[in-house]
Amino acid sequence: MGWTQKVLRVNLTTGSVATEPLNMDWALKYIGQRGLATKYLFEEIDPKIDALSPANKLIMATGPLTGTMAATGGRYSVITKSPLTGAIACSNSGGFIGNEIKNAGFDMLIFEGKAPKPVYLYLENDKAELLPADHLWGKSVWEADRLLHNDHQDPLLRIACVGRAAEQGCLYAGVVNDLHRAAGRSGVGTVMASKNLKAVAVRGTKGVGNIRDPKQFMLATQTAKKVLAQNPVTGEGLPKMGTQVLMNVINEVGAMPTRNMREVQFEGANRISAEAMHVPRESDGKPNLTTNAACFACTIACGRISTIDPKHYTIVNKPQYMGANGGLEYEAAWALGSDTGVDDLDALTYANFICNEDGYDPISFGSTVAAAMELFEIGALTKEHTGGIEMRFGSAEALTKAAELVAKGEGFGRDLGLGSKRLCEKYGHPDLSMTVKGQEFPAYDPRGIQGMGLTYATSNRGACHLRSYTVSSEILGVPVKTDPLTTDGKPELVKAFQDATAAVDSTGLCVFTTFAWTLEDIAPQIDAACAGDWSPDKMLEAGERIWNLERQFNLKAGLTKADDTLPKRLLKEAAKTGPAKGKVSELHKMLPHYYEIRGWTPDGVPTTDTLHRLAI
Amino acid sequence: MHKALQLEPEKCTGCLQCEMACSYENEAVFNPSKSRIKVFTFHDEGRFAPYTCSQCSEAWCLHACPVEAIVINQLTGAKEVIEEVCVGCKVCTIACPFGTVNYNSDSGKVIKCDLCGGDPACATACPTGAITYVDADHTGLARMKAHASQSLPKA
Amino acid sequence: MNHVIIGAGPAGVVAAETLRKLQPAASITLVGDEPEPPYSRMALPYFLINHIKEEGTHLRKQADHFAKQKIKVVHDRVLGLDRAAKLGLLASGSSIHYDKLLIATGSTPMAPPIPGIDLPGIFNCWTLADARNIATRAKPGAKVLLMGAGFIGCIILEALAQSGADLTVVEMADRMVPRMMNDIAGHLIKDWCEKEGVKVHTSTRVTAIRKGTPHAFAVDLSTGETVDADLIVSATGVRSNIKFLEGIGLETDQGILVNRHMQTNDPDIFAAGDVAQGRDFSTGEYSVQAIQPTATEHGQLAARNMAGLLGAVHRGSVNMNVLDTLGLISSSFGLWMGKAGGTSAELLNRERFKYMNLQFDGDILVGATSLGLTQHVGVLRGLIQTKTRLGKWKDKLLEDPTQIMEAYLASTQAVGFNAALMK
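Residues numbered from 1 in each chain as written. Chains lettered and ligands numbered in written order. Predicted model: local features only at pLDDT ≥ 70, side-chain atom pairs only at ≥ 80, totals over all residues. Heavy atoms only, no water.

(A) Region of the structure containing the overall build of chain B. Counting its regular elements, chain B contains five helices and eight strands. Walking chain B from its N terminus toward its C terminus, one meets helices and strands in the order β-α-β-β-α-β-β-α-β-β-α-β-α. Classification of the 155 residues of chain B by burial places 67% in the buried group. Long-range contacts, defined here as pairs at least 24 residues apart, represent 56% of the contacts in chain B between residues at least 6 apart. (Helix = DSSP H or I, 4+ residues; strand = E, 2+ residues; numbered from the N terminus. Buried < 20%, exposed > 50% of the residue type's maximum accessible area, 1.4 Å probe, protein only. Contact = heavy atoms within 4.5 Å.)

(B) Just the interface of chain B and chain C, in detail. Listed as interface residues are 46 residues of chain B and, on the opposing side, 54 residues of chain C. When the two sides are added together, the surface that chain B and chain C hide from each other amounts to roughly 4400 Å², 59% of it contributed by carbon and sulfur. The interface formed by chain B and chain C contains three salt bridges. Scanning the region where chain B abuts chain C turns up 14 residue pairs in polar contact (both at pLDDT 80 or more). Split into classes, the residues belonging to the side of chain B that touches chain C amount to 25 nonpolar, 11 polar and 10 charged. (Buried area = accessible area lost by both parts, 1.4 Å probe. Salt bridge = Lys/Arg side-chain N within 4 Å of Asp/Glu carboxyl O. Polar contact = N/O pair within 3.5 Å; in protein donor to acceptor, adjacent residues only side chain to side chain. Nonpolar A, V, L, I, M, F, W, Y, C, P; charged D, E, K, R; others polar.)

(C) Focus on the sheet that holds strand β25 (residues 354-361) of chain C. All names here are of chain C. In space, the five strands of this open sheet follow the order β22-β23-β26-β25-β24, with antiparallel pairing throughout. If you trace the sheet from one side to the other, it starts and ends with β22 (320-325) and β24 (343-349), each paired once. Put simply, the sheet's adjacent strands are angled 10° from each other on average, direction ignored. Sheet topology places strand β23 (residues 328-334) next to strand β26 (residues 364-371); five bridges connect them, and they run antiparallel. The residue of β26 that forms the bridge with Ser-330 is Leu-371. (Pairing = 2+ DSSP bridges. Axes fitted to C-alpha atoms, helices over the stretch in contact; angles between N-to-C directions.)

(D) Inspection of the pattern of salt bridges at higher detail. Within this structure, the stated rule accounts for 70 salt bridges over all chains. The shortest N-O distance in the salt bridge between Lys-383 of chain A and Glu-390 of chain A comes to 3.4 Å. Residue Lys-383 of chain A is classed as partly exposed on the basis of its relative accessible area, which comes to 40%. On the basis of relative accessible area, Glu-390 of chain A is assigned to the partly exposed category, the value being 35%. A salt bridge links Glu-36 of chain C to Arg-132 of chain C, with the shortest nitrogen-to-oxygen separation between them at 2.7 Å. Of this pair, Glu-36 of chain C sits in the loop between β2 (27-32) and α2 (44-48) while Arg-132 of chain C sits in helix α4 (residues 128-137); the two residues are 96 residues apart in sequence, bridging distant segments of the chain. With relative accessibility at 32%, the residue Arg-132 of chain C sits in the partly exposed group. Because the salt bridges share partners, they merge into one network encompassing Arg-9, Glu-20, Glu-44, Lys-57 and Glu-112 of chain A.

(E) Fine view of the nonpolar core. Ranked by size, the top nonpolar core spans 226 residues in total, and within it Met-60, Tyr-360, Phe-365 and Tyr-444 of chain A carry the most contacts. Top element by residues in this core is helix α13 (residues 362-377) of chain A. It accounts for nine residues. Met-42, Leu-48, Phe-151 and Phe-360 of chain C belong to the second-largest nonpolar core, a separate cluster that totals 102 residues. (Core = buried A, V, L, I, M, F, W, Y, C linked by side-chain atoms within 4.5 Å.)

(F) Layout of the interface of chain A and chain B. Every contact between the two is made by 39 residues of chain A and, on the other side, 23 residues of chain B. Summing both partners gives a buried area of about 2000 Å² for chain A against chain B, and 62% of it is carried by carbon and sulfur. It is Met-69, Thr-205 and Ala-324 of chain A in chain A that bury the most area against chain B; as a group they hold 23% of the surface buried on that side. Linking chain A to chain B there are nine residue pairs in polar contact (both at pLDDT 80 or more). Sorting the residues of the side of chain A that touches chain B by element identifies α3 (97-103), α7 (214-230) and β13 (289-293) of chain A as the ones contributing at least two each. Of the residues belonging to the side of chain A that touches chain B, the class tally is 20 nonpolar, 15 polar and four charged.

(G) Up close: the sheet that holds strand β3 (residues 58-62) of chain A. Residue and element names in this part refer to chain A. Taken in spatial order, the six strands of this open sheet run β2-β1-β6-β3-β4-β5, and their pairing is mixed. A strand with exactly one partner marks an edge of an open sheet, and here the two such strands are β2 (16-21) and β5 (88-93). For this sheet, the mean inter-axis angle between neighbouring strands, taken without regard to orientation, is 15°. Packed onto the sheet, helix α2 (residues 33-44) meets β1 (6-11), β2, β3, β4 (76-81), β5 and β6 (108-112) and runs at close to 25° relative to β4.

Remember, this is a structural readout, not a statement about activity or role.
Quick look at the structure:
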């Protein structure tokens, strides 16, 4: 029925590994992955605990469609309490390990406690072992991946791993799988490393069966694949240009956060855009982009595989960066580029490779570097603090050096590893941190796209575009076009996107499908695979339930309405150029109504009626 | 005239829909590890290569089989494993110089591509046209055939 | 044209069928000395553990297969040849005339010179009759002693262990499968078997077999130990069946000497399979390989030459084996022991019984050994036999020998970029 109905529980403190049945009552209410793992976490930990203490748990969860032929059905998420935000963290990743976990026979892996010494989990179908990882500790993701493949002599072993950044306590370290896919945000990798868990290496050969109505499922997935293929975004734009297709679009609408969000348009955007990645370079005649690549089961294939100009200063005598690797997605290109004012495509690609190699979030990193650059330019940071780096906007050298330092947790890299909020607090200018709940902004300026202001402020994991991507409606007109510069109807839009996305994130599917799919396309696939009579409405309700449960987690963790806000800059400093010139984010016009339609009190607390209605 | 699977690595994105379709067709579960077609990833080069049995005319596997468990389907030209006859001795797995006959330790038998009896599920599932089922004299096949017979001695 | 083939194993049967394809009108006679229809020794272990019925061992499954192909199958034994008269002299007293003769008489087990080796209750596992005898005696709990842990011994070992017998293996060499596995792999296989509950004595000889009680045998070992046994299976090696050719001027050594057309020093007599000392692909020398794929290659080549297609030249067979010892799958190819002046790549995980060893001559793969590898293993043969220049992929294989399939694809196929993307 989509689910394998098995959970692997790993107690790192005692070293015990046990299989238990999946709680099917919860599965029927929370679907899987994001929703279901949140339910487990909510029930099993006190949200007030220190995220980096052994009391925190870390869950790797698949959805019921993970490992099936449903297009993009290969996702998994890492759910835990975030050390960056103190809120719930749920980071979603593609690649191939989600399918492998499912093929090994598990819906989710729950990690508890803390291992006395570094370990990794080796999971081969029913065989789960915690093995010593002393030889892997202190190694990058790439190196650890190679060593594990060699140890097990299995090219098809799928590995999720933390890098040195996580080991060194970088608060936005992710869990990297398949070398360059990542559960990247909110420091889920930092939690994993805090448990002395270096890697999870999985080989599953059991197969994913247990489909409720196989014939209907094949029909539903085939129909839905056609929708993706025929849609201009998922059928053409994303495969050819990747998410980077947005670089020039967002810049033109004046919503491209630039130089720590001081500006909303970046003059160098066209030099770091998707189009730029296609232009052959002088040195070797090859473009930055080698190919597009798919995650497991994905018929879109938006992934970028790139190389760095062999003559570029960053990789002289460094053969490990000369091959192809995960290239720039829009978020990385923006954070590493526009937000730092750097327009050197190869420097950005190099920094991105380092993020892959040592496992940390390029969005949070780029934003933090941007904040450091602003601190440096106003004199709050000096070369003494930075170890001699001229942290100036536009400096590719500063960016790439910073990347190297954060990767290894060395020197000024330790400060940068704290994230923008703590960095700005440390150096006396908390207002310069472009964060919500301590998490750095993604690549859409809420002054130019008003719905995104509400999205960021209310996102359960801090600033994030993937909790309700209203850009889709406000800029791309999917499913309906709304005006990005007005707040009218945005609370309703944000709520609808939040609920639908929470549902999609719980299925095993990729949220990028929603450029083409609505729940009308998704529900039949879930329903054919799973028990539970899944209609679009029922999915939306499950999404709302998940959203409210995440909210409950955060409230219990001590967050309040006061955390549902944006940095002063976005509320007070008007956009200087572009279509949004003169605009600030009008969050105050949206937030009260949002609480109201959510069925929350004016203080942003779900009412008893709401919790009852959603059966939470 | 027989048709053949034409594999065009330059179109492959590595999504493994073919592997799932294959395993679903043959094993009734989604299980890439049991797929008869495999996509190989060249990570450092950013390339992907789907690969399976080319139904070569030499039929090394068939001739090496000690119990006549591999036979030619006259309709499709595919060399098919008759599972009930296969004893699992694995001689064909070392005899096939292309590495496309594999031992399935769960069943104790070998598995290989049988062209799904003439309607290969992998070709249907491939979203990019990297796998197509075409007339055997199609020009694109020349390359595959060329490598298939490359300097391998006729027994 | 009148073709006679002596021996109804894989080489003989494949030769007969190939001849029929090439010469629809020729007379083809297949003479075999066992009572059953042509069957495969490779399948005997599976018959032993009841995975297949006796029919499952038959080389050809349709009862009228040979009749349909107009291949005359004669159950008789050839005692000798009259080369001048082109006659095969049969045990039944008659003789059979040939224009072209193929000798594919295979090999037989050697009995080691040990006191007591001819006691009743000691079996080879070579014929269907042997297998039937063993199957009735190797009951769960029965004490079984297996002499010899070579390839054949190990195939039977699997079957004996699965039958639930209490199994002891005695091997003269210092490791298991010494002629197919190197030191590391041979020892790992021993460790694995012991882990699976089989007692393995290496570097040990059986010095004497005595009658015992309550067990049928008491077996003295060179270590000074004595082991009880209810059943003894001897698999200490095989020898080509060439004795019946003595004194008629056919050149023999370990087996029958043949040229690259599988032809003996008598231009009308050919040899194939275990009885032929054919060309080894890797060494270029002539040796008895005694493996199934080589037998069928020989059979095909001999048939083509018998049919007058003298362009069919044997380039040599790659020596290779695959073995399943109680679930641990091993294989070896070509010059697995390496070539002087060559380089090698090795990857070992002793705890998990995973092992790969590749042997190169320059950037060409010439030999390989693997433990625990079941996927794409044949490509090792392909790389060896095509002498593919691996170029930079050799360096990658030195670092990670598991990338054999990638190395093969990259070296032989155009693995292109995503053209759809780049247009």
